[in-house]
Amino acid sequence: MVKRSAKEITSNYHESYENGMYYKQLNKQDTVNSDFVSEFETKNVTIFQEEKNNYNKKLIENGLNNICRVIVLDWLIGVHRKFQFRPATIHIGITLFDRFIRLNNKHGLINCDNLQLVGATCLHIASKYEDMNPAVLLDYCIMSNSEFNPKDMINMEVEILNTLQFRIADNTTLIDYLDSFFEYGILKGVNKKKLPKYFYSSALYISELSLLHQAMIFYRPKVLSTSILLLLCLLFEKDESERNNLSILKDLKYSLKRFSKINNITKEIRICIKTLLGIIKEQFFLEIKIKEGFENSTIGVNPEEEIPFIYLKDLTSKWRNAYTNLYKKISSLRT
């Protein structure tokens, strides 16, 4: 199977111009020659559901649950922010984390006591793969309040790399798709600098939020990235303060809708947008409860998935401006 980057995938769209708006037509080669399509891009909904069930089973086998996972990953986002790694590093790190849990067959290797060690090691591997100046092992140990030592990380790194067969970035990440949409793909005519304030940072916030929520981790990057941008278009369009940006938002929404139709992912996107809006609102709700001093207010439950979820303190702190802006826009919507 030949793997291609998001740049190579999206660059196969022929650029056209119609009624003053850019759009792309899917290159027939991508629909005919399956060798050029990533395995991850061709999985259907049934397989996604099976993978979700298998992942939950793996968590239970290791004595874990979604709350354990989210707490560790939210801490990782704080570490990522502290060390000022590239945006793609956290995406690769969390992907490594989830893949390792799914593929590990050694009983007792992963448990609640060393899950933070697993997360830190995955982030370190991702940093060495993605960043020019990765942090040293001792830095992670200090950030964990000495829960583990450098030797523990070295041993865990060996286990992770052997389990994953040294495949670090096996698939195109969500952040790659978001960037490639603007730089090489269907949104090439849209300059990120001309987008409304906080639009792109809001996209990054939602992308990282989706990494942490179990309901989102099995969506294809193509579906999830398109859903994030479409959701933001809808939110920004309804905001009266964004009147000056209506033209670029409409062009952006038009291109995204055309892209979704060409790729036959419209139905998936509708479901994905609804779920995304739900988990964003959930964060707002949990933060309000915390401010009001309710006990056990850091944990909520997604009503559709019945998955417990936790207030993401580090993630919210990292993207505070984008988070606050989204809160205002969503709060102004009629429910």
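Residues numbered from 1 in each chain as written. Predicted model: local features only at pLDDT ≥ 70, side-chain atom pairs only at ≥ 80, totals over all residues. Heavy atoms only, no water.

Peer 1: Where do I start with unusual backbone geometry in this structure?
Peer 2: It is generally the case that most residues other than glycine have a negative phi and that most peptide bonds are trans. Of note, the phi angle at Asn145 is positive, near 60°, even though the residue is not glycine. Along the polypeptide, Asn145 turns up in the loop between helix H8 (137-143) and helix H9 (150-163). One non-glycine residue, Asn264, lies in the positive phi region at around 55°. Structurally, Asn264 is set in the loop between helix H13 (246-262) and helix H14 (266-291). (Helix = DSSP H or I, 4+ residues; strand = E, 2+ residues; numbered from the N terminus.)

Peer 1: Just checking my understanding: could you explain helix H10 (residues 174-183) for this structure?
Peer 2: Along an α-helix, residues three or four apart share an orientation, since each turn contains 3.6 residues. Here H10 lies mainly inside the structure; 7 of its 10 residues are buried. For H10, the complete set of buried residues consists of Leu174, Ile175, Tyr177, Leu178, Ser180, Phe181 and Phe182. (Buried < 20%, exposed > 50% of the residue type's maximum accessible area, 1.4 Å probe, protein only.)

Peer 1: Would you mind going over the packing of aromatic side chains with me for this structure?
Peer 2: Pairs of aromatic rings are described using the distance from one ring centre to the other and the angle between the two planes. Here the structure, examined in full by the defined rule, presents 6 aromatic pairs. Consider the rings of Phe83 and Tyr140, whose centres lie 5.4 Å apart with planes at 85°: the pair is edge-to-face. Placement of the pair is Phe83 in helix H5 (residues 66-83) and Tyr140 in helix H8, with a sequence separation of 57 residues. You can call Tyr140 buried: its relative accessible area is 0%. Summarising the aromatic geometry, the rings of Tyr205 and Tyr323 are spaced 5.8 Å apart at their centres and angled 80° between planes, so their arrangement reads as edge-to-face. Here Tyr323 lies in helix H16 (residues 320-331) and Tyr205 lies in helix H11 (residues 199-212), a separation of 118 residues in the sequence. The exposure class of Tyr205 is buried, given its relative accessible area of 0%. (Phe/Tyr/Trp six-rings, centres within 6.5 Å; stacked < 30°, edge-to-face > 60°.)

Peer 1: Looking at this structure, I do not really get the pattern of salt bridges. What am I missing?
Peer 2: Side chains carrying opposite charge are able to pair once their charged atoms draw close together. One pass over the structure, following the stated rule, counts 10 salt bridges. One salt bridge connects Glu159 with Lys106, and the closest N-O pair in it is separated by 3.0 Å. Of the two residues, Glu159 is situated in helix H9 and Lys106 in the loop between helix H6 (87-103) and helix H7 (115-130); the sequence distance between them amounts to 53 residues. The salt bridge involving Glu208 is made with Lys318; its shortest N-O contact spans 3.0 Å. Remark: Lys318 occurs in helix H15 (residues 313-318) and Glu208 occurs in helix H11; sequence separation between them is 110 residues. The pair formed by Glu208 and Lys318 is uniform in burial state, with each residue classed as buried. (Salt bridge = Lys/Arg side-chain N within 4 Å of Asp/Glu carboxyl O.)

Peer 1: Looking at this structure, how should I read the environment of Lys106?
Peer 2: Taking the relative accessible area as the measure of exposure, Lys106 reaches 46% and is therefore partly exposed. With 44 residues separating them in the primary sequence, Lys106 and Asn62 have C-alpha atoms 9.8 Å apart.

Peer 1: It is not clear to me how the nonpolar core should be interpreted in this structure. Could you clarify?
Peer 2: The nonpolar side chains of a soluble globular protein tend to be buried with one another. Judged by nonpolar contacts, the single largest core of 93 residues is most densely connected at Tyr140, Phe199, Tyr205 and Leu276. Sort the elements by how many residues they give to this core and helix H12 (residues 221-237) lands first, with 10 residues. Split by domain, the residues of this core number at least three in each of domain 1 (56-170) and domain 2 (174-297 + 308-332). The residues contacting Leu276, other than those within four sequence positions of it, are Ile206, Ser210, Met216, Leu224, Ser227, Ile228 and Leu231. (Core = buried A, V, L, I, M, F, W, Y, C linked by side-chain atoms within 4.5 Å. Domains from an automatic or database assignment. Contact = heavy atoms within 4.5 Å.)

Peer 1: How do you make sense of the packing of H12 against H16 when you look at a structure like this?
Peer 2: It is at 9 Å that the axes of H12 and H16 come closest, and there the two elements cross at 65°. Helix-helix and strand crossings are classified by hand; for H12 and H16 the assignment is left-handed. In this structure, H12 contributes Leu232, Leu235 and Phe236 to the contact, and H16 contributes Asn325, Leu326, Lys329 and Ile330. Broken down by class, the residue content of the contact of H12 with H16 amounts to 5 nonpolar, 1 polar and 1 charged. (Axes fitted to C-alpha atoms, helices over the stretch in contact; angles between N-to-C directions. Left-handed = near helix turned anticlockwise from the far one by under 90°. Nonpolar A, V, L, I, M, F, W, Y, C, P; charged D, E, K, R; others polar.)

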